[in-house]
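Reading the structure
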Amino acid sequence: KKSKDQSKNGGKSGKSKKEERQMKRLRRRREKKWLTMLAQWDDQTLASSKQRRNKLRQRVRKGIPNSCRGQGWVRIAKIKEKIEVTHVGVYAQLVAESSGPETDVNDSALNPNPNTDVNVDRNVMKETIERDLTRTFPRHSMFYDSFSDESSDEEDDASFDKISASGSLDSIASRSIGEEGGVTCTFSNEDDGEEEVEMQITEPKSSSKDVDTTDMSGDRQEADINVSYEADDDMSGDRQEADINESALEVITSTPPRPPIASPGSPKGKSSHRKKEKIVDYSQAEGGQASLRRVLRAYSIYDPDVGYCQGMNFIAGMFITFVTEEEAFWLLVHVMSEAPCRMRGLFGEGMSEAHQVLYVAERLIAQFHPRLARHFDRENVHITMFATQWLLTMYTSSFPFEIVTRIWDAYLSEGWKVTYRVMLALLEKAQPLLMKMQFEDILNYFKELPFEIESNEIMENAFKIPLKKKHIGKYAKEWIHKQEEKQNDQQQLG
């Protein structure tokens, strides 16, 4: 019976009309609960009531309805307070400055680190952002740009295919711009000259706002909440340089092409003519790419220590599909610098926290999936070959929006523990097949994995994994200790 249902539904497990009606009623009930909760939202009451926080966590884990998701994210991250009280007009100033002549930022309201020694070359930053705009959800109608038809054909190769062609993450910090379609995080120092960090990111294959909301949200089911809520404050400690000494690794994570979403625009034959008419006043330009450009440029000025690094474009682009442009900017600020997310270290100079995150992920795989970890060792499959793209862009660059949004619902509320849980759930789902595969087949399978999963199943399984805050803290401290030992050895040799 199951096989007949699958054949009638294109290979997917079929649901009866009764089951579909039940799921629709369930989604409507959840939507009504969320609308009521958002209308009565009170940050002070949530902060003082553990019962209400637990109720919010349970509802978030089941998935925020698409119609409520943008407002839900804004409420969870407390963005309204920044826009209406503490940082009124700041984003408009940053947009005006990013669209005008190059000047230094000395205003503490615009620059959270006014005494920084890092002076980002804004021209290079703008060029890098401009190059990435056409790679950010290019098949989503909101980000489709007919001006970029010709250039996108030339740059259609995936951008996170290689985290380091020279063999390790350590080499990223010393590479210069030279590869066509590379990812560049640029930092310039008055004493050391300009240092460029290059990293390659994959084009995502899915979208959000213009997709049918039934497809976006999926069939929501009750999650089995067996894990206590614990914040990931320990993850914000001092990060240090990583020591990943793997041999030359190629991160093969590009995904099969997906048909573009229909969008108004002229045929390619007219693209050269349209290029002459391209809007130059970016502060007034309309459309998803224009909004993304302003958000990324504004952030590069707001936080000059980080500036801009590829991977941030996917995160900001996803925000723009659900919230206003200004809210997307402050959401980006929130996830970069504030608890429980604190992603800033992933994109900072040297990418020190990226090394630590990958180390923790590798140790967690060994703890929760030891047989799979040993199999990866035998086949020389390193953590950087598949988890780099997942973790450094928080799944936004390669997975369908249906599961990406579910991950971000919980990530904004609970932090890094959700990220690791999802990784472990994905590997748990794939383990029976992976154990039968050899090196090349494993890497090829990881390219298809994002489109082989069902979001409800993965998220429910993720929250059943008995991962604790102490596990993450233990391996993070272990990493820091290893780096301290490495530094001491280098000092003794020096």
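Residues numbered from 1 in each chain as written. Predicted model: local features only at pLDDT ≥ 70, side-chain atom pairs only at ≥ 80, totals over all residues. Heavy atoms only, no water.

Our focus in this paragraph is the nonpolar core. Membership of the largest hydrophobic core comes to 112 residues, with the highest contact counts inside it found for Met343, Trp390 and Trp408. Counting residues per element, this core draws most heavily on helix α20 (residues 416-434), at 11 residues. With residues near it in sequence (within four places) discarded, tryptophan 390 still touches Tyr395, Ser398, Phe399, Met423, Leu426, Leu427, Phe446 and Leu449. (Core = buried A, V, L, I, M, F, W, Y, C linked by side-chain atoms within 4.5 Å. Buried < 20%, exposed > 50% of the residue type's maximum accessible area, 1.4 Å probe, protein only. Helix = DSSP H or I, 4+ residues; strand = E, 2+ residues; numbered from the N terminus. Contact = heavy atoms within 4.5 Å.)

What follows is about the packing of aromatic side chains. Under the definition given, this model contains 23 aromatic pairs. Ring plane angle 10° and centroid distance 4.5 Å describe the contact between phenylalanine 386 and phenylalanine 446, whose orientation is recorded as stacked. On the criterion of sequence distance, the pair formed by phenylalanine 386 in the loop between α17 (370-378) and α18 (387-392) and phenylalanine 446 in helix α21 (residues 439-448) is long-range, its members being 60 residues apart. In terms of burial, phenylalanine 386 and phenylalanine 446 fall into one category: buried. Members of the aromatic cluster, joined through ring pairs, are Trp73, Phe319, Phe322, Trp408, Tyr411, Trp416 and Tyr420. (Phe/Tyr/Trp six-rings, centres within 6.5 Å; stacked < 30°, edge-to-face > 60°.)

Attention shifts here to the side chain of threonine 419. Looking at the secondary structure, you find threonine 419 in helix α20. In this structure threonine 419 touches Leu391, Met394, Tyr395 and Tyr411, once residues within four positions along its chain are discounted.

Now for the packing of α20 against α21. Close contact between α20 and α21 brings their axes to 11 Å; oriented N to C, the two are set at 145°. Seen from above, α20 lies across α21 with right-handed handedness. For the pair α20 and α21, the contacting residues are Leu427, Ala430, Leu433 and Leu434 in the first and Ile442, Tyr445 and Phe446 in the second. Partitioning the contact of α20 with α21 into residue classes produces seven nonpolar, no polar and no charged. (Axes fitted to C-alpha atoms, helices over the stretch in contact; angles between N-to-C directions. Left-handed = near helix turned anticlockwise from the far one by under 90°. Nonpolar A, V, L, I, M, F, W, Y, C, P; charged D, E, K, R; others polar.)

Our focus in this paragraph is unusual backbone geometry. Put simply, alanine 339 and proline 340 share a cis peptide bond, and its omega is 5°. Checked against the element boundaries, proline 340 lands in the loop between α14 (325-337) and α15 (344-347). Even without glycine at this site, phenylalanine 137 takes up a positive phi of about 45°. Position of phenylalanine 137 among the secondary structure elements: in the loop between α8 (122-133) and α9 (149-154). Of note, asparagine 380 is a non-glycine position whose phi angle comes to about 60°, a positive value.

Let us now look at the confidence of the model for the protein chain. Any segment with low pLDDT has predicted coordinates that should not be analysed in fine detail. The pLDDT averaged across the protein chain works out to 74; a share of 65% of its residues lies at or above 70. Across residues 113-120, confidence stays below pLDDT 50; counting only partners more than four residues off in sequence or on other chains, it has 17 contacts. Across residues 146-279, where pLDDT falls below 50, the model places 356 contacts with residues more than four positions away in sequence or in other chains. (pLDDT = per-residue confidence, 0-100.)

With that settled, the discussion passes to the packing of helix α6 (residues 79-86) against α14. The geometry of α6 relative to α14 is characterised by a closest axis approach of 9 Å and an angle of 115° between their N-to-C directions. As the angle between them shows, α6 and α14 are arranged roughly perpendicular. When the axes of α6 and α14 are compared, the crossing they make is right-handed. Between α6 and α14, the residues in contact are Ile79, Lys80, Lys82 and Ile83 and Glu326, Glu327, Trp330, Leu331 and His334, respectively. Of the residues in the contact of α6 with α14, the class split is four nonpolar, one polar and four charged. (Parallel < 35°, antiparallel > 145°, perpendicular 65-115°, else oblique.)

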